[in-house]
Amino acid sequence: MAFFWQAVLACRNYLIVVFVPLVFLPLPLVLPTKEALCGYVIIVMALFWCTEALPLAVTALLPVLLFPLMNIMDSTTVSQEYLKDTNMLFLGGLMMAIAIEKWNLHKRVALGVLLITGVRPALLLMGFMAVTAFLSMWISNTATTAMMVPIAQAVMEQLHKSELESESIDQASEHTNKAFELQEKSPDSFKESEEKGNSNVLTAEEGRKRKERMEKKHLELSKGMSLCICYSSSIGGIATLTGTTPNLVLQGQVNYIYEENGGIINFASWFSFAFPTMLVLLVLAWVWLQILYLGFNFKKNFGCGASSAAKAKEKQAYEIIKEESKKLGKMTFAEIEVLIIFILLVVLWFTREPGFFPGWATVLFNKDGTSYVTDATVSIFVSLLLFILPSGFPNQETEGGGRFRAPPPLLSWKAVQEKMPWNIVFLLGGGFALAKGSEESGLSRWLGSKLTPLEKIPHPAIAFLLSLLIATFTECTSNVATTTLFLPILASMAEAICLNPLYVMLPCTLAASLAFMLPVATPPNAIVFSYGQLKVIDMAKAGFVLNILGVLTINLAINTWASSLFQLQTFPSWANKTGTCP
């Protein structure tokens, strides 16, 4: 019997791929309508995405096969959904991130900030969180975590080593003092040898306990440091439109479902909403991890009134960071170029259509109210510069006849191929294909009509419950798959109850990034877990509270600054497709 279950477990992916379509096959057979057929495809894809029986990108290709076979959409129309403006924005943003990684600019920024914050426990935690969150805004959270964890480990090892050395010096001085005491005492005092032996045993026992306390303290601080890196990489990604893929999924779905929205979700508007949200959540995460792993003694955590020995330990750990920074040397010509291009990209994104004054795109390129230039145009322009600009100056080889060599460009296609997650392009496309299929089949309208009873529930309660559901769901599924699956449904629900679609779509998109509880929830969690200091219970305990704090922060955001920014209290004309809402 044990062998049977072992075989089932080993072959579970094959069994899921075979049996899931068969179990739900009665749905399209009993109800041979387009709505039922499209619903069947969505159910099968949702279960494949949740179980990862097939690779996520492969599951995303199912509409290309099933929609034409079910007469929902023709093959050409489905295929056109797989490369939209949002995919181009994703590709351009990733190419910039690859260039930053290639020339080690991210490491220079990280070490520079850590040199400023110092190595006192609370400030060290804050420094690592601030750096990780900032880098995660622009490059992938996986790459950020993979770079930051070894730096954190080196600092922690040095701190621990300094503590052990300090402890051994203290013990040696204690033994020396005792030897002097023995020499000074009279011969009569040797009658108390038994008492001295007992005191030596007690001293050894004390030393052992002190060492155990130090080891425990080091382990707790290491756990806090590991968690602060993986959590802040997930939190930092929500701040920018290109920081994490769910943000791009939202932009793509809004632009696709509501073509007349006037580009309401762009880089500048998203940053204005998400950056303050990210800051609040980052501070709450810092305070929570500090309480959990450093204790309530904030005076000690900030190093106030520290002893000279403690200061010496901090100085040695600080030297480690300083040494790593020195190894990078001076900024190279290529690093300066990449930094300038990165700043240019951010400035162009912010000033394209900022909203409170006419942007350069509106003045120079957009005609008759049509937005020809988008954030994707900017990201592709900057990506092209990376392939054109040289990484140095031409040089002449002294050996072999003085052959002249041109410098390579800042970015090569080979480097892009190695680092680019192409599967996300198909995953984004699969989401757009599902949204189009739902619209063409009438499933969106049918679903919306069934959700009208929700109109009686207060809107803040709907947003809170949905974001809590998504935050729970994303712990065991990909955040991209989660948003791809839920956002079209949420849009239909919002239309049915005459609620601004962004009021539910925005919090649910951010909630998809709150994967804090399990090592398998997101790659950064898996990376820090692989170092062996954390147990699942450690991550679950810290992540549960942080999930609740995250959901509360997101709901605070949409009911305060986001409400005025996106006019969430009104039902927009671009969402009123049926004309039934006032």
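Residues numbered from 1 in each chain as written. Predicted model: local features only at pLDDT ≥ 70, side-chain atom pairs only at ≥ 80, totals over all residues. Heavy atoms only, no water.

(A) Structural view of the overall build of the protein. Counting secondary structure elements, the protein contains 28 helices and two strands. The burial tally for the protein puts 49% of its 582 residues in the buried class. Restricting the contact set of the protein to residue pairs at least 6 apart, pairs at least 24 apart contribute 78%. Carbon and sulfur atoms make up 66% of the accessible area of the protein, which totals about 28000 Å². (Helix = DSSP H or I, 4+ residues; strand = E, 2+ residues; numbered from the N terminus. Buried < 20%, exposed > 50% of the residue type's maximum accessible area, 1.4 Å probe, protein only. Contact = heavy atoms within 4.5 Å. Areas by Shrake-Rupley, 256 points an atom, 1.4 Å probe, with all protein chains shown as cover.)

(B) Just the confidence of the model for the protein, in detail. With 88% of its residues at a pLDDT of at least 70, the protein reaches an overall mean of 82. Here strand E1 (residues 395-396) is the element of the protein with the lowest mean pLDDT, 63, and helix H25 (residues 501-511) is the one with the highest, 94. (pLDDT = per-residue confidence, 0-100.)

(C) Seen up close, the nonpolar core. Membership of the largest hydrophobic core comes to 161 residues, with the highest contact counts inside it found for Phe128, Phe273 and Leu506. Broken down by element, the residue count for this core peaks at 13 residues, all from helix H14 (residues 267-293). In this view, Leu506 contacts Leu250, Ile265, Trp270, Phe273, Ile558, Phe566 and Leu568; residues no more than four positions away in its chain are not counted. (Core = buried A, V, L, I, M, F, W, Y, C linked by side-chain atoms within 4.5 Å.)

(D) View of a nonpolar patch on the surface. Taken together, the side chains of Leu15, Val18, Phe19, Leu22, Val23, Phe24, Leu25, Leu27, Leu29, Val30 and Leu31 present a nonpolar region at the surface, about 990 Å² in accessible area. With five residues, helix H2 (residues 12-23) is the single largest residue contributor to the nonpolar patch. Counting through the fold element by element, Phe19 comes out in helix H2. (Patch = residues over 30% accessible without salt bridge, like charges linked within 9 Å, V, L, I, M, F, W, Y side chains within 5 Å. Salt bridge = Lys/Arg side-chain N within 4 Å of Asp/Glu carboxyl O.)

(E) Quick look at the packing of H2 against helix H4 (residues 34-51). Look at H2 against H4: their axes get within 10 Å of each other, and the N-to-C directions meet at 155°. Judged by the angle between their axes, H2 and H4 are roughly antiparallel. Classified by chirality, the crossing of H4 by H2 is right-handed. In contact with Ile16, Val17, Val20 and Pro21 of H2, H4 contributes Tyr40, Val44, Leu47, Phe48 and Thr51. Class assignment of the residues belonging to the contact of H2 with H4 gives a composition of eight nonpolar, one polar and no charged. (Axes fitted to C-alpha atoms, helices over the stretch in contact; angles between N-to-C directions. Parallel < 35°, antiparallel > 145°, perpendicular 65-115°, else oblique. Left-handed = near helix turned anticlockwise from the far one by under 90°. Nonpolar A, V, L, I, M, F, W, Y, C, P; charged D, E, K, R; others polar.)

(F) Structural view of helix H21 (residues 422-441). For H21, with 20 residues, the first-to-last C-alpha span of 29 Å sits near the 28 Å given by 1.5 Å per residue. Burial analysis of H21 places 15 of its 20 residues in the buried class, the great majority of the element. Positive backbone phi, approximately 90°, marks Gly442, located one or two places after H21. (Expected span 1.5 Å × (residues − 1).)

(G) Quick peek at unusual backbone geometry. Positive phi, close to 60°, is recorded for Asn104, a residue that is not glycine. Phi is positive for Gln567, which is not a glycine, with a value near 55°. For Gln567, the location among the structural elements is in the segment after helix H28 (561-566). Classification of Gln567 by relative accessible area gives partly exposed; the value is 47%.

(H) Looking closely at the layout of surface pockets. Taken as a whole, the largest pocket holds about 900 Å³ of empty space. Around the largest pocket, the lining is made up of 44 residues, and of these Asn141, Thr142, Ile424, Asn479 and Pro523 lie nearest the centre. Those elements giving two or more residues to the lining of the largest pocket turn out to be helix H8 (85-102), helix H11 (141-184), helix H13 (245-257), H21, helix H24 (479-496) and helix H26 (523-529). Broken down by element, the residue count for the lining of the largest pocket peaks at six residues, all from H8. Its residues assigned to classes, the lining of the largest pocket comprises 23 nonpolar, 17 polar and four charged. (1 Å grid on protein atoms, 1.4 Å probe; cavity = no way out; pocket = protein on both sides within 12 Å on 5 of 7 lines; lining within 4 Å. Points joined across faces, edges and corners; volume = space filled by probe spheres on them.)

(I) Broad picture of empty space enclosed by the protein. Scanning the model with the defined rule gives one cavity of 30 Å³ or more in all. A volume near 50 Å³ is recorded for the largest cavity. Lining the largest cavity we find Gly93, Met96, Ile100, Trp138, Thr242, Phe342, Leu345 and Trp349. Among the secondary structure elements, those contributing two or more residues to the lining of the largest cavity are H8 and helix H17 (333-352). Across the lining of the largest cavity, the residue classes tally to six nonpolar, two polar and no charged.

(J) Just the environment of Arg405, in detail. As for its placement among the helices and strands, Arg405 is situated in strand E2 (residues 404-405). A residue is classified by how much of its surface remains accessible, and Arg405, at 40% relative accessible area, is partly exposed. The spacing of Arg405 and Phe393 is 12 residues in sequence and 9.4 Å in space, taken between C-alpha atoms.

(K) Summary view of the packing of aromatic side chains. Taken as a whole, this structure holds 17 aromatic pairs when the rule is applied. Seen from their ring centres, Trp270 and Phe273 are 5.6 Å apart, and the 85° between their planes marks the pair as edge-to-face. With Trp270 and Phe273 both in helix H14 and three residues apart, this pair spans about one turn of that helix. Note on Phe273 and Phe566: the rings are 6.0 Å apart at their centroids and 75° apart in plane angle, and the pair reads as edge-to-face. Separated by 293 residues along the polypeptide, Phe273 in helix H14 and Phe566 in helix H28 bring together distant segments of the chain. Residue class for Phe273 comes out buried when judged on its relative accessible area of 0%. What links up through ring pairs into an aromatic cluster is the set Phe134, Trp138, Phe267, Phe271, Phe275, Phe342, Trp349 and Phe350. (Phe/Tyr/Trp six-rings, centres within 6.5 Å; stacked < 30°, edge-to-face > 60°.)

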